[in-house]
Amino acid sequence: MREALAAVNVLVVGDVMLDEYWFGDVRRISPEAPVPIVHVSRSDERPGGAANVARNVVSLGAQVTLLSVVGADGTADRLRAALDAAGVRHQLSIDPNIRTTLKLRLIGQNQQLLRVDFEEPPSRESLAAKRADFEALVNAADVVVLSDYGKGALHHITDLIAIARHHGKAVLVDPKGRDYQRYAGATVVTPNRSEFSDAVGGWKDAEEMDDKAEMLRASLGLDALLLTMSDQGMKLYRHGHTLHQPARASEVFDVSGAGDTVIAGMAVMLGSGQSWEDAVAFANTAAGIAVGKLGTSIVAFDEVMNARSPLPAREVG
């Protein structure tokens, strides 16, 4: 399988960011306000959002090109350096009127105490330039991933899906928000339970959830909808079939970035010609590893293989 994945070229497009972590100990409460004082002992920074998807594609053994928009600032420089170190090819268009998205997290005793976000949506001009780059790159890709974090980089996602499908490419979308009509025509959309609820409302039982998932899949013209359900595993909905993959048994340390690992795993497997069932089993195993790590993290191909003997999927429809 490693040789097959090494030949896969994934084009990742979406919102990129830099995730910065400050780690320390809480020793006392501030005399100025009832808040903890964190004595910072170390820091770390990692590519986040679509950049974390791209990093996972590489760590799982495939090739990747990342396309997005950043500001003309030091955060963008640090992001590029981190992507270079991870072996991620990238085309990051510069919009001088925005700041690159930065998420700063303060961690004390291994618990997140505070998150500070710096972000601004890109301009129309920079998005138009990115669309032109997309048209130039899409034909060389085996599969396209659109990673939507709601920061504005995928404002024209409907056009990007149409372009990719015109070129015969599979399109995987990690969604955000309530307007799923933007994703119509994609190959597969991969919401988590909360994102799915935002789009379709609540449900009283598993049967109603399944009905709503299939209705959403059909209304958007998707080949499949993959619903990730944390400790309940994943459900893959295709026309006339529902496949349930149980969750991997592991200690959950941090779920942030797990969706990035899921869609990266699906992309490399589908891009190499594997079946939907094998792709879901691979992504499910990778996600079980990811949630045992702190923050936006990567999962290596060897980690998945060593943890494999995947749990049997169950056909439920």
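How each quantity is defined
Residues numbered from 1 in each chain as written. Predicted model: local features only at pLDDT ≥ 70, side-chain atom pairs only at ≥ 80, totals over all residues. Heavy atoms only, no water. Pairing = 2+ DSSP bridges. Helix = DSSP H or I, 4+ residues; strand = E, 2+ residues; numbered from the N terminus. Axes fitted to C-alpha atoms, helices over the stretch in contact; angles between N-to-C directions. Contact = heavy atoms within 4.5 Å. Buried < 20%, exposed > 50% of the residue type's maximum accessible area, 1.4 Å probe, protein only. Parallel < 35°, antiparallel > 145°, perpendicular 65-115°, else oblique. Left-handed = near helix turned anticlockwise from the far one by under 90°. Salt bridge = Lys/Arg side-chain N within 4 Å of Asp/Glu carboxyl O. Nonpolar A, V, L, I, M, F, W, Y, C, P; charged D, E, K, R; others polar. Core = buried A, V, L, I, M, F, W, Y, C linked by side-chain atoms within 4.5 Å. Phe/Tyr/Trp six-rings, centres within 6.5 Å; stacked < 30°, edge-to-face > 60°. Lys NZ or Arg CZ within 6 Å of the ring centre and 35° of its normal.

1. Brief notes about the sheet that holds strand 6 (residues 102-108)
Working definition: the strands of a sheet are paired by backbone hydrogen bonds and lie parallel or antiparallel to each other.
Part 1: One open sheet holds the 4 strands; their spatial order is 3-2-6-7, and the pairing between them is mixed. At either margin of the open sheet sits one strand with a lone partner, and together these are strand 3 (36-49) and strand 7 (111-118). Across the sheet, the axes of successive neighbouring strands diverge by a mean angle of 20°, strand direction being ignored.
Part 2: The sheet strands contacting helix 3 (residues 74-86) are strand 2 (16-29), strand 3 and strand 6, and the helix crosses strand 2 at an angle near 100°.

2. Some details on unusual backbone geometry
Part 1: Positive phi, normally seen in glycine, also occurs at Gln-109, with a value near 50°.
Part 2: Tracing the sequence through the fold places Gln-109 in the loop between strand 6 and strand 7.
Part 3: What makes Gln-109 partly exposed here is its relative accessible area of 46%.
Part 4: Of note in this structure, Asn-110 is not a glycine but carries a positive phi near 65°.
Part 5: Using a relative accessible area of 57% as the deciding quantity, one classes Asn-110 as exposed.

3. A word on the packing of helix 2 (residues 50-59) against helix 8 (residues 258-271)
Part 1: It is at 8 Å that the axes of helix 2 and helix 8 come closest, and there the two elements cross at 45°. Taken together, the axis directions place helix 2 and helix 8 in an arrangement best described as oblique. The crossing of helix 2 and helix 8 is right-handed. Residues Asn-52, Val-53, Asn-56 and Val-57 of helix 2 pack against Asp-260, Thr-261, Ile-263, Ala-264 and Val-268 of helix 8.

4. Some details on the pattern of salt bridges
Part 1: Applying the stated criterion to the full structure yields 17 salt bridges.
Part 2: Glu-45 is the salt-bridge partner of Arg-78, the closest N and O atoms lying 2.7 Å from each other. Within this pair, whereas Arg-78 is found in helix 3, its partner Glu-45 is found in strand 3, the two being separated by 33 residues in sequence.
Part 3: By relative accessible area, Arg-78 is classed as partly exposed at 28%.
Part 4: For Asp-210, the salt bridge is made with Lys-235, and the minimal N-O distance between the two is 3.0 Å. Taken together, the residues Asp-210 in helix 7 (residues 206-220) and Lys-235 in strand 12 (residues 234-238) connect sequence positions 25 residues apart.
Part 5: Exposure remark for Asp-210: the relative accessible area of 19% places this residue in the buried category.
Part 6: Given a relative accessible area of 9%, Lys-235 falls into the buried group.
Part 7: One connected set of salt bridges, linked through shared partners, spans Glu-20, Glu-45 and Arg-78.

5. What about the pairing of strand 13 (residues 241-245)?
Part 1: Most of strand 13 sits out of view: 4 of its 5 residues are buried.
Part 2: Note that strand 12 and strand 13 share 5 bridges and pair antiparallel. Within strand 13, the residue paired with Tyr-237 across the bridge is Thr-242.
Part 3: In sequence, strand 12 turns back onto strand 13 through a hairpin of 2 residues, with Gly-240 there showing a positive phi of about 80°.

6. Remarks on the packing of helix 8 against helix 9 (residues 276-290)
Part 1: The N-to-C vectors of helix 8 and helix 9 enclose an angle of 145°; their axes lie 8 Å apart at closest approach. For the pair helix 8 and helix 9, the sense of crossing is right-handed. Mapping the contact onto sequence places Thr-261, Val-262, Gly-265, Met-266, Val-268, Met-269 and Leu-270 in helix 8 and Trp-276, Asp-278, Ala-279, Val-280, Phe-282, Ala-283, Ala-286, Ala-287 and Ala-290 in helix 9.
Part 2: For the contact of helix 8 with helix 9, the class distribution of residues is 13 nonpolar, 2 polar and 1 charged.

7. A closer look at the nonpolar core
Part 1: The biggest cluster of nonpolar side chains holds 51 residues, and the ones touching the most others in it are Val-10, Val-12, Leu-66, Leu-172 and Met-266.
Part 2: The element that contributes the greatest number of residues to this core is helix 9, accounting for 9 residues.
Part 3: Beyond its immediate sequence surroundings of up to four residues, Met-266 is in contact with Leu-172, Leu-226, Trp-276, Ala-279, Val-280 and Ala-283.
Part 4: Counting 30 residues, the second largest nonpolar core, distinct from the first, contains Val-13, Leu-67, Tyr-183 and Tyr-237.

8. A look at the packing of aromatic side chains
Part 1: Within the structure shown, the criterion is met by 3 aromatic pairs.
Part 2: Centroid distance Tyr-21 to Phe-23: 6.1 Å. Interplanar angle 15°. Geometry classified as stacked. For the pair shown, Tyr-21 and Phe-23 are each scored as buried.
Part 3: Centre to centre, the rings of Tyr-180 and Tyr-183 are 5.3 Å apart; their planes meet at 75°, and the pair counts as edge-to-face. Accessibility classification places Tyr-180 together with Tyr-183 in one group, the buried group.
Part 4: When the ring centre of Phe-23 is taken as reference, the NZ or CZ atom of Arg-42 above it lies at 4.0 Å.
Part 5: Positioned above the aromatic ring of Tyr-21, the side-chain terminus of Arg-46 is 4.8 Å from the ring centre.

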